[in-house]
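Spelled out, the chains give:
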Amino acid sequence: MKHCLIVDDSRVIRKVSRHIVESFEFEVSEAENGRDALAKCEESMPDLILLDWNMPVMNGIEFIAALRRLAGGAEPKVVFCTTENDVAHIREAIEAGADEYVMKPFDHETLQMKLQLIGAA
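Residues numbered from 1 in each chain as written. Predicted model: local features only at pLDDT ≥ 70, side-chain atom pairs only at ≥ 80, totals over all residues. Heavy atoms only, no water.

1. A few points about the pairing of strand 1 (residues 2-7)
Burial runs high along strand 1: 5 of the 6 residues are buried. Bridge count for strand 1 against strand 2 (residues 26-31) is 6 bridges, and the pairing is parallel. Bridging from a neighbouring strand, H3 pairs with E27 of strand 2. Taking the sense of rotation as the criterion, the β-α-β connection linking strand 1, helix 1 (residues 11-23) and strand 2 turns out right-handed. Judged from the 4 bridges that link them, strand 1 and strand 3 (residues 48-51) form a sheet pairing that is parallel. Across the sheet, residue C4 finds its bridge partner in strand 3, namely L48. (Buried < 20%, exposed > 50% of the residue type's maximum accessible area, 1.4 Å probe, protein only. Helix = DSSP H or I, 4+ residues; strand = E, 2+ residues; numbered from the N terminus. Pairing = 2+ DSSP bridges. Right-handed = clockwise from strand over helix to strand, strands pointing away.)

Okay, here's the thing in structure tokens:
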């Protein structure tokens, strides 16, 4: 079974995201900030990461930069899930190593379409 790591400081967003991703038959784990997520990736690299931008301790950009430097860190598909919607933020996310970008709030169909685009669904 494929594994998805949901990284968001909002418990509500993690719960909603978990519900959607589990419907795509992913095993799901959660982290509330980038540092916790990085530790989980070092233990077991997920297939997919849904990543928030603005978090305490380590934000999404800092996390993805550190992830991509890890052994096997180039493998997971990473989708930024954020309220940041200007072109500069989208470009920064993609340049940092994100595979796709989705605006919050997102729904089942939107996330499914993004995952299909990157070959993760």
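2. Let's talk about the side chain of E100
Within the secondary structure, E100 is located in strand 5 (residues 100-103). A relative accessible area of 17% means that E100 is categorised as buried. In this structure, E100 is in contact with V78, V79, F80, I94, K114, L117 and I118, ignoring residues within four places of it in sequence. (Contact = heavy atoms within 4.5 Å.)

3. So, the packing of aromatic side chains
What describes a pair of aromatic rings is the distance from one ring centre to the other and the angle between the planes of the rings. Inspection of the entire model under this criterion finds 2 aromatic pairs. Residues W53 and F80 carry aromatic rings whose centres are separated by 5.1 Å and whose planes lie at 45° to one another, so their mutual orientation is tilted. Residue W53 is found in the loop between strand 3 and helix 3 (60-69), and its partner F80 is found in strand 4 (residues 77-82); the two are separated by 27 residues along the sequence. For the pair W53 and F80, a shared accessibility class is recorded, and that class is buried. Taken together, a centroid distance of 6.4 Å and an interplanar angle of 35° make the contact between F80 and Y101 tilted. A residue pair is termed long-range when its members are at least 10 positions apart, and F80 in strand 4 and Y101 in strand 5 qualify at 21 residues. Feature note: the residues W53, F80 and Y101 constitute an aromatic cluster, connected by ring pairs. (Phe/Tyr/Trp six-rings, centres within 6.5 Å; stacked < 30°, edge-to-face > 60°.)

4. Some details on the pairing of strand 4
Summarising burial for strand 4: 5 of the 6 residues are buried, a large majority. Where strand 3 and strand 4 come together, 4 bridges link them in parallel fashion. The residue of strand 4 that forms the bridge with I49 is V78. Handedness of the crossover joining strand 3 and strand 4 through helix 3: right-handed. Between the parallel elements strand 4 and strand 5, the chain passes through helix 4 (residues 87-96) in a crossover that is right-handed.

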